[in-house]
Amino acid sequence: MEGVILFADDHIHTEKSGEKELFESLRNDFPVLGVQNLEHAEKALVTMSGFNAIILDWDFNSSIDSSSLDITEEIGDENIKIARPAVKENATMDFLRRNDFYTLLYIFSNVDVKAIFPEELMKKFAGRIQFVQKGDLSDTGTIHAKIVQDIIVWQKSNANLAVPIKWSNSINQSLQQIFSELAAADINWVLNLHETASSDGVNPEIEVISLLQNILTEKLIANPGLLAEIKNFATQAKPNTDVLADGNSIARLFQRIYYTNLNAFSLDDVPVMTGDVFLLAPQERIYGIIISPECDCQDICNSDLYFELLTFQESGFTKQIFTDLFGQKNTKVIVDNAKVISAIKDIAREKFVKFNADSKPPALYSKSKKKIPVTDAQGNTTYQKEENYEMITEDVLIKPFLSQFEALVNKHIGPGLRTAINEQISEQNTNLLNDLFLQAYNQTEKRLHLIPSFNFETEYPNKTAVIDFRTGKTFRKYAELKVQGVQRICKLNHPFISELRQRYNSYYGRVGVPKIPTILREYNIESFTR
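Residues numbered from 1 in each chain as written. Predicted model: local features only at pLDDT ≥ 70, side-chain atom pairs only at ≥ 80, totals over all residues. Heavy atoms only, no water.

### Things to note about the overall build of the protein chain
As a reminder of what qualifies: A run of H or I in DSSP counts as a helix once it spans at least four residues, and a run of E counts as a strand once it spans at least two, with each numbered from the N terminus. Relative accessibility decides the category of a residue: with a 1.4 Å probe and only protein chains considered, values under 20% of the type maximum give buried, values over 50% give exposed, and everything between is partly exposed. Contacts were defined at the residue level, with two residues in contact if any of their heavy atoms lie within 4.5 Å. Accessible surface is estimated by sampling points in the Shrake-Rupley manner with a 1.4 Å probe; for residues, cover comes only from the protein chains shown.
On a plain count of helices and strands, the protein chain comes out with 18 helices and 17 strands. Every one of the 530 residues in the protein chain was classed for burial, and the buried ones make up 36%. By sequence separation, contacts in the protein chain at least 24 residues apart represent 68% of the contacts at least 6 residues apart. Taken as a whole, the protein chain presents about 32,600 Å² of accessible surface, with 53% of it coming from carbon and sulfur.

Written as structure tokens, this is what we have:
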């Protein structure tokens, strides 16, 4: 696995220091980026990615030792000993709060930092953070060996990181190529793109980002190295059996793919965009997704115009699926005729294949009479009558209504077969309803749009947002989205917002035409079924 170690410590270039010795020894096994202050460390995190580990000094100040944590102050007539973290340590904690990275983290310090480390940061970096006292650096070889072993174990347990690291490297390479090509075409390309977007009335910053993102995407999907890495990983990697995927984990995965959390951003920090989701009515739990075109959003924010939104309710899935998607006819008993008939035949055959000819035949069998010729010794021929019972054909069984057929079966065969039929019908009914539910996520109903595992802030991410194009449209001014109580929850990501808008526009773009008669359909079908 590719990757770099970020070593942030103000002693990595101090002669005869344990930090420098460890820094130099690690460079024999990995690419190591050494920085001497937090500002450079933060720049490294912003401009680079794919770190195998981050080694972070706690105080970045050689003059601060353990005694600086214990400060004696005079309060009244007494000397009170209090613990107060150094200014530099506050900076380190702020650094860890601001930045989020998924890699091993080592905190080097002259004191026992673990005892005073904030609980919020322990939770944030759980399972990845380790504390090393600098006094232990006298045994550099042991620390070196441990870090190398930790990285090996980390790589094996996080083998899927091979793809993101390769992806990140491909992004860096592609960006350099793109910037070079754009600069060669126009040295003022950023200004010109920004000016063009401004004149079109769209948000120029977002437009520049979107254009660059589109170019980058095209570069990445044409990167043979990245494609090969994904293919190799998918065909060779073994799943982590320690954590088995279940519905909950898959739902949380797709929540991240479908939605971007915007809870932490105000409307002033991040502009309103197509796909933004608002909680419009907290009491009724009514949400709305902005479907206004991106090019109109800035004008709407700066005027008295309205945003178009499609609304849905947290309880909408259960109510609307039964009343709108399947309809009243589908909430009744659904019968799979072929399977019911098969079950009836099997049970009937078992019960009556050896019936007594003198007994009354069941209604499931048809009665036929034949004259059979019999010739005696003198050559005289006479005819004898013979009754024969045959199973009723499937066509005959399908025609009667279910209620009539059940009554017939119950009268002549008894409750045993009736129970078997009802069980068969119940099982088929459940299976068919489940199939209809599963198919609904393929957007099979023109009027409705389903969005899975929406973030309704419930305990489990298994609730579906159902949007009814016929009744769900509403309008809001920008000022109405800023009133107290209205919250921006998240953004429906591309391409899912594009799919929603396309289906909505398609629904209202329908054209009514005369129904094609069944006889005409059948007549045309004959031409290609012979």
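From this point, the narrative continues.
### Digging into the pairing of strand S15 (residues 465-468)
Moving residue by residue along a regular strand, the side chains alternate between the two faces of the sheet. The condition is simple: Pairing between strands requires that DSSP locate at least two bridges from one strand to the other.
Burial of the side chains of S15 extends over both faces: Ala465 and Ile467 are buried on one face and Val466 and Asp468 on the other. Bridge count between strand S14 (residues 448-451) and S15: four bridges; the pairing is antiparallel. Note that in S15 the partner of Ile451 across the bridge is Ala465.

### Comments concerning the nonpolar core
Stated formally: Residues enter a nonpolar core if they are buried and are Ala, Val, Leu, Ile, Met, Phe, Trp, Tyr or Cys, with the set joined through side-chain atoms within 4.5 Å.
In terms of nonpolar packing, the biggest core is built from 25 residues, with Leu56, Leu96, Leu105 and Ile107 touching the most fellow members. For this core, the secondary structure elements donating two or more residues are strand S1 (4-8), helix H2 (38-47), strand S3 (51-57), helix H3 (87-98) and strand S6 (104-109). The element that contributes the greatest number of residues to this core is H2, accounting for four residues. Not counting residues up to four positions away in its chain, the partners in contact with Ile107 are Leu56, Trp58, Leu96, Val113, Ile129, Gln130, Phe131 and Val132. The next biggest cluster of nonpolar side chains, apart from the first, holds 23 residues, and it includes Ile291, Phe454, Leu492 and Tyr504.

### What about the sheet that holds S3?
This is how the line gets drawn: Angles run from 0 to 180 degrees between N-to-C directions of axes, and those axes are lines fitted to C-alpha atoms, restricted for helices to the stretch in contact.
Strand order in the open sheet made by the five strands is S2-S1-S3-S6-S7, with parallel pairing throughout. Every other strand in the sheet has two partners, leaving strand S2 (32-35) and strand S7 (129-133) as the edge strands with one partner each. Averaged over all adjacent pairs, the angle separating strand axes in this sheet is 15 degrees, with direction ignored. Where S6 and S7 come together, five bridges link them in parallel fashion. Bridged to Leu105 within S7 is Ile129. Strands in contact with helix H5 (residues 140-157) are S1, S3, S6 and S7; relative to S6, the strand with the most contacts, it is inclined by about 160 degrees.

### Side note on the sheet that holds strand S8 (residues 259-261)
Spatial strand order, S8-S17-S9-S10-S11-S16: six strands in an open sheet with antiparallel pairing. Edge positions in the sheet fall to S8 and strand S16 (473-477), since each has one partner strand and no second. On average, each strand axis in the sheet is tilted by 40 degrees relative to the strand beside it, whichever way the strands run. Bridge count for S8 against strand S17 (residues 487-492) is three bridges, and the pairing is antiparallel. By the bridge assignment, Tyr259 is partnered in S17 with Leu492.

### Focus on the environment of Thr474
Along the polypeptide, Thr474 turns up in strand S16. Under the relative-accessibility criterion, Thr474 is labelled buried at 18%. Taking the C-alpha atoms as reference points, Thr474 and Ile289, separated by 185 residues in sequence, lie 9.8 Å from one another. Those residues in contact with Thr474 that lie beyond four places of it in its chain are Phe307, Glu308, Leu309 and Thr311.

### Re the packing of helix H6 (residues 162-185) against helix H8 (residues 204-221)
A packed helix pair is summarised by two numbers, namely the angle formed by the two axes and the spacing between the axes. As a reminder, the rule being used: Under this scheme an angle from 65 to 115 degrees is roughly perpendicular, one under 35 degrees roughly parallel, and one over 145 degrees roughly antiparallel; angles in between are oblique. Note on convention: the crossing is left-handed when the near helix lies turned anticlockwise from the far helix by less than a right angle, right-handed when the turn is clockwise.
Where H6 meets H8, the closest approach of the two axes is 9 Å, and the angle between their N-to-C directions is 120 degrees. The angle between H6 and H8 falls in the class oblique. For the element pair H6 and H8, the recorded crossing hand is right-handed. Counting all contacts with H6, which are made through Trp167, Ser170, Ile171, Ser174, Leu175, Gln177, Ile178, Glu181 and Leu182, the residues of H8 involved are Leu212, Ile215, Leu216, Lys219 and Leu220.

### Side note on the pairing of S17
The buried fraction of S17 is high, at five of six residues. In the sheet, strand S9 (residues 276-281) pairs with S17 via four bridges, with the strands oriented antiparallel. Considered in S17, the bridge of Val277 is made with Cys490.

### Overview of the pattern of salt bridges
We apply this condition: Every case where a carboxyl oxygen of Asp or Glu lies within 4 Å of a side-chain nitrogen of Lys or Arg is listed as a salt bridge.
In the structure shown here, the tally under the stated rule is 17 salt bridges. Between Arg98 and Glu42 there is a salt bridge, with the nearest N and O atoms lying 2.7 Å from each other. Here the residue Arg98 occupies a position in helix H3, and Glu42 occupies one in helix H2, the gap between them amounting to 56 residues. We note a salt bridge from Arg285 to Glu314, for which the minimum N-O separation is 3.1 Å. Remark: Glu314 occurs in the loop between strand S11 (306-313) and helix H12 (316-331) and Arg285 occurs in the loop between S9 and strand S10 (286-290); sequence separation between them is 29 residues. Of the residues examined, Arg285 reaches a relative accessible area of 23% and is grouped as partly exposed.

### Some remarks on the packing of helix H7 (residues 189-199) against H8
To keep things clear, this is the line we draw: Only Asp, Glu, Lys and Arg are considered charged, only Ala, Val, Leu, Ile, Met, Phe, Trp, Tyr, Cys and Pro nonpolar, and every remaining residue, Gly among them, polar.
Packing of H7 against H8 leaves a shortest axis separation of 8 Å and a crossing angle of 120 degrees. Here H7 is positioned oblique relative to H8, judged by the angle of their axes. Of the two elements, H7 crosses H8, and the hand of that crossing is right-handed. Across the interface between the two elements, Trp189, Leu193, His194, Ala197 and Ser198 from H7 touch Pro204, Glu205, Glu207, Val208, Leu211 and Leu212 from H8. Its residues assigned to classes, the contact of H7 with H8 shows seven nonpolar, two polar and two charged.

### Section: the side chain of Gln155
Stated formally: In protein, a polar contact means a hydrogen-donor-capable atom and an acceptor-capable atom, both N or O and within 3.5 Å, with residues adjacent in sequence counting only if both atoms are side-chain atoms; elsewhere, any N or O pair within 3.5 Å suffices.
Residue position: Gln155 is located in helix H5. With relative accessibility at 18%, the residue Gln155 sits in the buried group. At 3.3 Å, the side chain of Gln155 and the side chain of Asn52 are in polar contact.

Everything listed is a geometric property; what it means functionally is a separate question.
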